[in-house]
Amino acid sequence: MNDTKKKSPGRPRSTVSHEAMLKAVLELLSEVGFEAMSIEAIATRAGVGKTTIYRRYSSKDELVADAIESIREEVLIPDTGNLWSDIDALIENAAQITLTSLGRQTVAMIISSASSNSGFAQIYWEKYLQPRRQAFAMVIERAKARNEVSKDLDAGLVFDVMSGIMLYALIFPPVESWKAYVRRAISLFLR
């Protein structure tokens, strides 16, 4: 009977080096942008070898998407028992994340990079937007069960419209507060 333990290949991945890579990506994004940033520059800034990066990530797009995701707080889907209270909680959470200097800078980089790089757009959609869009569907499903909205309301479309309104108001600030504008715009859509 062979009782030797199977060893995993290579050294264990370092949490410290991973965090250094993510930090380097975020710094370089703000300094030079997505297109000008290279894996070599990320490795140098993080103090790791390029092979360390390529062991974890198959592309720069994937690494950048992970770095962006690392600074975003997980959106908790509220369940207050009322659609508008849930939406107000989501708007408040989005404001805390987005209405900061880093938040605005990140949004600008995401829009710019996704517009010019379909690979980045796809990865960001899969890793960040789609899971949140699916989670948001629970808010609408609960509202349907409480007869607060039409049974045929498209939760994905509501999420997309809400996201669009939030981005528009971030780029072109309304006269009223960002939160009040977003809520008022969403109420027109959900009437």
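Keep in mind it's a predicted model, so treat the numbers as computed, not measured. (Residues numbered from 1 in each chain as written. Predicted model: local features only at pLDDT ≥ 70, side-chain atom pairs only at ≥ 80, totals over all residues. Heavy atoms only, no water.)

So, the overall build of the protein chain
(1) Moving on: Across its full length, the protein chain carries nine helices and zero strands.
(2) Moving on: The N-to-C order of helical and strand elements in the protein chain reads α-α-α-α-α-α-α-α-α.
(3) Moving on: Relative to the globule expectation of 16 Å for 191 residues, the C-alpha radius of gyration of the protein chain, 20 Å, shows a markedly less compact shape.
(4) Moving on: Each principal axis of the C-alpha distribution contributes one length, and for the protein chain these read about 65 × 55 × 25 Å. (Helix = DSSP H or I, 4+ residues; strand = E, 2+ residues; numbered from the N terminus. Rg over C-alpha atoms; globule rule 2.2 N^0.38 Å.)

As for the confidence of the model for the protein chain
Atomic detail in the predicted coordinates should be set aside for any region of low pLDDT.
(1) Moving on: Confidence in the prediction of the protein chain, expressed as mean pLDDT, is 86, and 91% of residues score 70 or more.
(2) Moving on: Element-level mean pLDDT values for the protein chain span from 81 in helix α6 (residues 101-116) up to 96 in helix α2 (residues 39-46).
(3) Moving on: Note that pLDDT drops below 50 for residues 1-10; the model gives that stretch zero contacts with residues more than four away or on any other chain. (pLDDT = per-residue confidence, 0-100. Contact = heavy atoms within 4.5 Å.)

What about helix α9 (residues 178-189)?
Three- or four-residue spacings in an α-helix give side chains the same orientation, since the helix completes a turn every 3.6 residues.
(1) Moving on: When the terminal C-alpha atoms of α9 are compared, their 17 Å separation across twelve residues agrees well with the 16 Å that a helix rising 1.5 Å per residue should span.
(2) Moving on: Here α9 has its buried residues at Trp178, Val182, Ala185, Ile186 and Ser187.
(3) Moving on: The inward-facing, buried residues of α9 contact α5 (83-98) and α8 (155-171). (Expected span 1.5 Å × (residues − 1). Buried < 20%, exposed > 50% of the residue type's maximum accessible area, 1.4 Å probe, protein only.)

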